[in-house]
Each structure stands twice: as structure tokens, then as C-alpha cells.
Amino acid sequence: MLPTKNKLFLTYYVLKQYSNKENPMNATEVAKKVQEVFELEKAPNRRTIYDHFEDLELISEVYEQIISFRLVRMPNREVYIESTISSGEVHLLSDAVATSRFIDLEQSRSLIQKLGIIVGQNLKNFFEPRLHFKATDKKEYNEQLFQNIDVLTEAIKKGKKVTLQYLKYDVNKQLVPSRPDENNGYKKIRPYYLIWQINKYYLMYYYDDSTSPRFMRVDKMRDVTMIDEAVGELKDIPNLSDYTRNQAYMFGGMPEYIRFRCKMYSIGQVIDFFGEDVTIKPIDEEYFQVEVYTSCESIKFWLMQYISSIDQIEPLKLAVEIEEMLEDGLRRNRVKQKETFL
């Protein structure tokens, strides 16, 4: 049984759990439910419940920026608690959790249950069929996921460096230290930005001696620890928001303006990936030009994916690198094809 000292909380709990727009409650119903749920000898009187309604309404108005509910009054003196986060918003977040590959099964169930509480719904059962597709094994590194995110967020806020062990998959699909010959995969880095991209969570960082940014998967980190060393100001990327948003693949590299010509039938793929604020200039009825602020390392594989509709790539060094990669791929695959038929 929950403590009954703070009776305002008891009223809030009952309204949160049992009231909504379709099922508002009056003071008598709330008092009766409080007595039933909390096993009280005597129900609170109606005047006390009305005072609680006033207090809850005032709290939700004064602290609207941090409180996730509001009290709604009906003409017949019934009330209900309404979440300031909509059911659709919570479903969207829950769906992202359910389909995320790096949040394991049990963590996903727990998160979805907590999100459902915000809107007074049991979303765990609704999303359970999708959760069945997740692997049931729990990796040691995965248990640290949210703790590591907390440490990274705090380090970025305070401008401090972190140490961590970075992992990679081996041929047996086991996560092992990346570059074990270098301090068993442990690294000291300067963290600057967390970004969700390609359905994964990445950290943008620098090594102490590096001159260009890199990206690291958060779900492959272990033992993240903040240390008392300043990261220093990030000066070499004037538009960090555009740079991180336009990362097609998370390879890092110094940002610059990339331009290419694209056939008109591919405009949907360009806007879907880079967003509606991507710079597009019509050339004629058949072509348009695209300009994005990102790195050559990041975008080259995206360009190769749509190369049948793309040309006039700038800068020239990027166009040459893509051409050489395509020619090498064609050469090796032609050789393999000949060997198959010999």
C-alpha cells in the first residue's frame, strides 16, 4: 500500500490512472476510488478533492514547461487528466524504440512501458508482436547503453574528454575490442555531438591529434568515463547542424560544399534523405543541381548508390575517387564472372 501522507498525490494518481476524455470523474467518484485503491478506512471528503483539483490545475499552469499533464474541467463538474504529450507522439517514440536494432529486447519493453504511462496506455502489449523480432540475448555492453549516453551527454555539456573501449564485430558475429593492439581498444577522445542517423546513435568526436571529425557508434561503446580534461572549442566546422544532418554515411571527415547534377525523377530520393531545406536549383526539365554541406567521405557511397541518375560531381577529387571505385568494382566482378564460367 502506498503512503497516504500527501493526499494530493493520491488524487493525482487516481485521475492519471482512471480518468480521460471519455471517462471523466467527479469529486465523489475520485474520493471513492482513492479509498479503494489505497485501502483507506475512510474516503476523503469532497471539499478536499475539490481543493486538489484546484491545486493540480494551478500546478499544470505554473509549471507547464516541465509538467507533462493538465487538468481539464467539464461543464458538469467532472474532470480528467490529459497528457500534454499526445498519444500519437508517444506511439511514434515507442515505434522507434521497438524497431531500433541497438536497444535490446528487455530495454525496449521497459522503455515502451514507461512511455505508455505518460498517456495512460498499456503500449507494451500493443508493440509486443514487433518486439518478438528482436534478439533475446543481452550483451554486456548493451547493459551500459543508457548509462553511457548519460556520461556522454554530461561530458558534452561540461566540455570534458572521455575514455572508453570501442568494440567491433568479428567473423563469428562476436563483439571484440576494436584495434586490440592499441590499448585493448580503449581510447581517449573529445566528444562534441550526439546524432541519430540511419536508425543508429552516433557520437561525433575528435582524437587529440586529429584535424577532422569522426563518428562512433554509441551502442558499441563500453566503460565510458568522463575525465577532467577540457575538449577545447570546436572552431573548424562553422555549421555543425548542417554538417551532422547531411552525413549520408557516418565516416566523418572535414565538411565542404558538395555539388552534383541529378535527373529529375530522383528528386524524391534527394529530399527524403537530405530534407526539404536541401539546396536544389532546377537546370532544365530533365536535370536539377544539388548542393549539400558534408564531407566527401560521408557522401561518396550515397552518390554511388544513385550513380545512374547523378553526374557532374564536385569537387573534382570526389568525382575521380568515385570513378576509380566504380572501375575497380567492375574489373573485379568481371574477373569473377569469367572464373565462374570457366
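Everything that follows concerns the structure shown earlier in this document.
Below you will find a few notes about this structure. (Residues numbered from 1 in each chain as written. Predicted model: local features only at pLDDT ≥ 70, side-chain atom pairs only at ≥ 80, totals over all residues. Heavy atoms only, no water.)

### As for the sheet that holds strand β9 (residues 256-263)
Rule in force here: Any two strands with at least two DSSP-identified bridges between them are counted as paired. A run of H or I in DSSP counts as a helix once it spans at least four residues, and a run of E counts as a strand once it spans at least two, with each numbered from the N terminus. The angle between two axes is taken between their N-to-C directions and runs from 0 to 180 degrees, where each axis is a line fitted to C-alpha atoms and a helix contributes only its stretch in contact. Contact criterion: two residues are considered in contact whenever any of their non-hydrogen atoms come within 4.5 Å of each other.
Strand order in the open sheet made by the 4 strands is β10-β11-β9-β12, with antiparallel pairing throughout. Looking at which strands have only one partner, the edges of the open sheet turn out to be β10 (279-282) and β12 (310-314). Taken pair by pair, the neighbouring strands of this sheet meet at an average axis angle of 20 degrees, ignoring direction. Alignment of β10 against strand β11 (residues 287-294), held across 4 bridges, turns out to be antiparallel. In the strand pairing of β11, T279 is matched with E291. Most of the contacts of helix α10 (residues 267-274) go to β11, to which it runs at about 20 degrees, and overall it touches β9, β10 and β11. Strand contacts of helix α11 (residues 296-305): β9, β11 and β12, with the helix running at about 10 degrees to β9, the strand carrying the most contacts.

### Focus: the nonpolar core
Rule in force here: What we call a nonpolar core is a set of buried Ala, Val, Leu, Ile, Met, Phe, Trp, Tyr and Cys residues that are connected through their side-chain atoms within 4.5 Å. Burial classes follow relative accessibility: with a 1.4 Å probe on protein chains only, a residue under 20% of its type's maximum area counts as buried, one over 50% as exposed, and anything between as partly exposed.
L152, L164, I189, L203, V218 and M221 are the most contacted members of the largest nonpolar core, which totals 29 residues. Mapped by element, the contributors of at least two residues to this core are α4 (87-99), α5 (105-118), α6 (123-131), α8 (145-158), β3 (160-169), β5 (186-197), β6 (200-207) and β8 (221-230). Residue contacts for V218: discarding those within four places in its chain leaves L145, I149, L152, L194, Y201, Y202 and L203. Core analysis: the next-biggest nonpolar cluster, separate from the first, contains 18 residues, I258, C296, I299 and I322 among them.

### What to know about the pattern of salt bridges
Counted only if it meets this: Definition used for salt bridges: Asp or Glu carboxyl oxygen within 4 Å of a side-chain nitrogen of Lys or Arg.
Inspection of the entire model under this criterion finds 21 salt bridges. Linking K188 and E229 is a salt bridge whose minimum nitrogen-to-oxygen distance equals 3.3 Å. Here E229 lies in strand β8 and K188 lies in strand β5, a separation of 41 residues in the sequence. Looking at E229, the relative accessible area reads 30%, which means it is partly exposed. Ionic pairing is found between D219 and R217, a salt bridge with its closest N-O pair at 2.8 Å. Judged by its relative accessible area of 17%, R217 is buried. Residues participating in the shared-partner salt-bridge network are K161, K188, R190, D208 and E229.

### Some words on the pairing of β3
Across 5 bridges, β3 lies against β8 in antiparallel orientation. Bridge pairing links K160 to A230 in β8. The sheet contact formed by β3 and β5 spans 4 bridges and is antiparallel. Note that in β5 the partner of L164 across the bridge is K187. The pairing of β3 with strand β4 (residues 175-177) spans 3 bridges and is antiparallel. Looking across to β4, one finds that K168 is bridged to V176. In textbook terms, the turn of a hairpin is the stretch between consecutive antiparallel strands, and for β3 and β4 this stretch comprises 5 residues, one of which, K173, has a positive phi near 65 degrees.

### Some remarks on the environment of Y192
Applicable threshold: For the purposes of these results, a polar contact is taken to be a pair of N or O atoms within 3.5 Å, where, inside protein, one atom must be able to donate a hydrogen and its partner to accept one; residues adjacent in sequence count only when each atom of the pair is a side-chain atom.
Among the secondary structure elements, Y192 is positioned in strand β5. Spatially, the C-alpha atom of Y192 lies 30 Å from that of I322, the residues being 130 residues apart in sequence. Non-local contacts of Y192, meaning those with residues more than four positions away in its chain, are made with I156, L203, M204, Y206, V231, G232, E233 and L234. Within the local environment of Y192, its side chain forms a polar contact with the backbone oxygen of V231, the two atoms lying 3.0 Å apart. There is a polar contact of 2.9 Å between the side chain of Y192 and the backbone oxygen of G232.

### Topic: the packing of aromatic side chains
The description of an aromatic ring pair rests on the distance of the ring centres and on the angle between the ring planes. Note the threshold: Put simply, two rings from Phe, Tyr or Trp (the six-membered ring, in Trp's case) pair if the centres are within 6.5 Å, and we call them stacked under 30 degrees between planes, edge-to-face over 60, tilted for the rest. Throughout this description, the term charge over a ring refers to an Arg CZ or Lys NZ atom that lies within 6 Å of the ring centre and within 35 degrees of the ring normal.
According to the stated counting rule, one finds 14 aromatic pairs in the structure shown. On the numbers, 6.2 Å between centres and 40 degrees between planes, the contact of F9 with Y13 is tilted. Of this pair, F9 and Y13 both sit in helix α1 (residues 7-18), 4 residues apart, which is roughly one turn of the helix. Exposure remark for F9: the relative accessible area of 39% places this residue in the partly exposed category. Ring plane angle 45 degrees and centroid distance 6.0 Å describe the contact between F273 and W302, whose orientation is recorded as tilted. Highlighted residues: F273 in helix α10 and W302 in helix α11, separated in sequence by 29 residues. Owing to a relative accessible area of 2%, W302 belongs among the buried residues under this scheme. Members of the aromatic cluster, connected to one another through ring pairs, are F260, F273, F274, W302 and Y306. Here the basic side chain of K33 rests over the ring of Y18, its NZ or CZ set 4.5 Å away from the ring centre. Above the ring of Y287, the side-chain terminus of R261 is found at 3.6 Å from the ring centroid.

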